[in-house]
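Summary of structural features
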Amino acid sequence: MKLLLTGFEPFGGSSVNPSEQVVRALADQTFEGIALRTAVLPVDRVRGPAELIGAVQHCQPEAVICLGEAARRAAISIERVAINLLDYRIADNSGNQTRDESIVPGGPAAFFATLPVRKLADAIRGVGVPVELSLSAGTFLCNQVMYELLHYLALNKLNVPAGFVHLPPLPEQVVGNLIPSPSMSLETTLRGISAAICAISENLSTKDTKGH
């Protein structure tokens, strides 16, 4: 199975992004039966989604997991819904702070993730990592790339399970905060995302077996 895993570069004044760290670490690991392809996306309203779609077109994956950082999250958060709305709380890395705009004018109001979200949550929980199902990916770049990815797959009638997973900040990102904030070590996050990758592979293998 060929799986595309993406993360984001640092943003919002931080020098690191856990999603980038996870992608770069897992790119060097071997998963049985999985050809892992990776990309780190720019935090830019135009280039970020464009590079994601370009990566999909280039590697033609059988599944896609997009990762991003979410401050104040204490658990790995598997997103269920992407909405057709740009409403940036902060500017992207190119200085764009889009407010109250549609991602795709005239497009569907929302898309549900097509990943097996509960199976992913069960797999992550099964390796002792905190995890939750989250309703919405928000209204920043994370939501935008999830929406544009699912819109692209639907438009082109591609049966590729895809979705978005938010990660807690790394401990070094919150250690200086005056108000204590949740975090998760890179080692723990890697264990959880590795379990999710294996769960997607097993889910697709099961479907293939039933189909034959």
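Check the entry above for the structure.
Structural notes, computed from the coordinates. What you see as residue numbers is a count from 1 along each chain, following the sequence as written. Owing to the predicted nature of the model, reporting of local features is limited to residues with pLDDT of at least 70; listing and counting of side-chain atom pairs is limited to 80 or more, with chain, interface and lining totals taken over all residues. No hydrogens and no water enter the side-chain calculation; it runs on all heavy atoms of the structure.

1. Describing the pairing of strand β3 (residues 63–69)
- With 7 of 7 residues buried, β3 lies mostly within the body of the structure.
- Three exposure classes are used, based on accessible area relative to the maximum for each residue type with a 1.4 Å probe and protein chains only: buried under 20%, partly exposed in between, and exposed over 50%. Numbered from the N terminus, helices here are DSSP runs of H or I no shorter than four residues, and strands are runs of E no shorter than two. Side chains of β3 alternate between two faces, with A63, I65, L67 and E69 and V64, C66 and G68 buried alike.
- What makes two strands pair is DSSP finding at least two bridges between them. Inspection of the sheet shows strand β1 (residues 2–8) paired to β3 by 4 bridges, in the parallel sense. Note on β3: the bridge partner recorded for L3 is A63.
- Strand direction decides the pairing type here: β3 and strand β7 (residues 162–167), joined by 6 bridges, are parallel. Bridging from a neighbouring strand, G68 pairs with H166 of β7.

2. Notes on the pairing of strand β4 (residues 76–83)
- Of all the 8 residues making up β4, 6 are buried; the element is thus mostly covered by neighbouring parts of the structure.
- Where β4 and strand β6 (residues 131–136) come together, 5 bridges link them in parallel fashion. Across the sheet, the residue bridging to E79 is S134, located in β6.
- By the bridge criterion, 2 bridges tie β4 to β7 in an arrangement that is antiparallel. Among the inter-strand pairings, S77 is bridged to a residue of β7, identified as H166.
- Where β4 and strand β5 (residues 110–112) come together, 3 bridges link them in antiparallel fashion. Each bridged residue has a counterpart across the sheet, and for V81 the counterpart in β5 is F112.

3. Comments concerning the nonpolar core
- Counting residues in hydrophobic clusters, the biggest one holds 63 residues, and the most contacted among them are L5, I193 and I197.
- Top contributing element to this core by residue count: helix α4 (residues 141–155), with 9 residues. Residues grouped as a nonpolar core are buried Ala, Val, Leu, Ile, Met, Phe, Trp, Tyr and Cys residues, joined through side-chain atoms within 4.5 Å.

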